[in-house]
Amino acid sequence: MMTMGDTVAVQAPIGMRSRSQSQRRKRIVQTAAALALRGGVEAMQMRTVAERAGVALGTLYRYFPSKMELVVAVVTEELDLLERSIVRRPPSAETASGRTVDVLMRATRGLMREPELADALVRSLVMAEVKGELGKRVTDLLWSVATRALPVVEDEEQSEPDRESDEYVLVSSLASIWFFEVLEILKGQRDIEEARRRLEIAAEPLLAGF
């Protein structure tokens, strides 16, 4: 019969193993991000990531079965950082359009400081298998900003939006416009201030009812 002491002895290694796996995954993502910063998505070769992260190639594939899944993880990490910065310093504009444009411009400037990661974001969003996931993540963030539903503190659970509502569809439309503007900046067809002006023009009528 297993005693309480035996149970604790079993649970401890499991907890340690879980932490170790989380740390290993984080190290892999950080390594991939560092490679992307220097050479774009092309530099994120799976074998190179595994070598730099100090893990076996098979281990890397257990965490990320494809390169695109690893790209998505890197982009998601950037979105996590953006969300935490917004919780620490929420936009102060009175209107929903003003708040959302504030957040989108913070994201734009951050991406343009790391254009290779911006390129990874755009590439991820045009891939059919991941477009919905990342697009939803950005739209959820904008919805929270527009409706003042942001968490009060970091890591607090965020309220779930009604993704079937007309309001959510309008916010999703603004997110799509932002993705296009980021692409135009990367192509050299738009500067950041022009992108801001266009986002403001689009956001005002889209979010007037918020």
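For clarity, every value in this text was computed on a predicted model and none was experimentally measured.

### Focus: the pattern of salt bridges
This structure, assessed with the given rule, holds 12 salt bridges. Here Asp102 ties to Arg106 by a salt bridge, and the two come within 2.8 Å at their closest N and O atoms. A residue pair is termed a helical-turn pair when its members lie 3 or 4 positions apart in one helix, as Asp102 and Arg106 do in helix 5 (residues 96–113) at 4 residues. We classify Asp102 as partly exposed; its relative accessible area is 26%. Assessed through its relative accessible area of 15%, Arg106 is described here as buried. Look at the salt bridges and you will find they share partners, linking Asp80, Glu83 and Arg137 into a network.

### Structural notes on the nonpolar core
Counting 55 residues, the largest nonpolar core has Ile28, Met44, Leu60, Leu70, Leu174 and Trp178 as its most contacted members. In terms of residues, this core owes the most to one element, helix 4 (residues 67–88), which gives 10 residues. Residue-level mapping places this core at the junction of two domains, with at least three residues from each of domain 1 (13–65) and domain 2 (66–152 + 161–209). Ignoring anything within four residues of it in the chain, the contact list for Leu174 reads Thr100, Leu104, Leu199, Ala202, Ala203, Leu206 and Leu207.

### Let's talk about the side chain of Arg99
Counting through the fold element by element, Arg99 comes out in helix 5. No salt bridge is formed by the buried Arg99. Its closest oppositely charged neighbour is Glu94, at 6.0 Å. Looking at Arg99, its side chain comes within polar contact range of the main-chain oxygen of Ala146, at 2.7 Å. Those residues in contact with Arg99 that sit more than four places away from it in its chain are Pro91, Ala93, Glu94, Val145, Ala146 and Arg148.

### Some words on helix 8 (residues 166–186)
Spanning 21 residues, helix 8 covers 31 Å between terminal C-alpha atoms, matching the ideal 30 Å at 1.5 Å per step. The complete set of buried residues in helix 8 reads Tyr168, Val171, Leu174, Ala175, Trp178, Phe179, Glu181, Val182, Glu184 and Ile185. Directly after helix 8, the chain includes Gly188, whose backbone phi takes a positive value near 80°.

### A short note on the UniProt feature "DNA-binding region" (unreviewed entry) in the protein chain
Per the UniProt annotation, the sites labelled "DNA-binding region" (unreviewed entry) are residues 45–64. The straight-line gap between the two end C-alpha atoms of residues 45–64 is 12 Å; of that span, 75% is helix and 0% is strand.

### Some details on the environment of Thr59
For Thr59, the position within the fold is in helix 3 (residues 57–63). Judged by relative accessible area, Thr59 falls into the buried class, the value being 13%. A sequence separation of 34 residues divides Thr59 from Arg25, and the C-alpha atoms of the two residues are 9.8 Å apart.

Rules of the game
Residues numbered from 1 in each chain as written. Predicted model: local features only at pLDDT ≥ 70, side-chain atom pairs only at ≥ 80, totals over all residues. Heavy atoms only, no water. Salt bridge = Lys/Arg side-chain N within 4 Å of Asp/Glu carboxyl O. Helix = DSSP H or I, 4+ residues; strand = E, 2+ residues; numbered from the N terminus. Buried < 20%, exposed > 50% of the residue type's maximum accessible area, 1.4 Å probe, protein only. Core = buried A, V, L, I, M, F, W, Y, C linked by side-chain atoms within 4.5 Å. Domains from an automatic or database assignment. Contact = heavy atoms within 4.5 Å. Lys, Arg positive; Asp, Glu negative; His and termini not counted. Polar contact = N/O pair within 3.5 Å; in protein donor to acceptor, adjacent residues only side chain to side chain. Expected span 1.5 Å × (residues − 1). UniProt positions renumbered as here; feature names shortened; annotations may be inferred.

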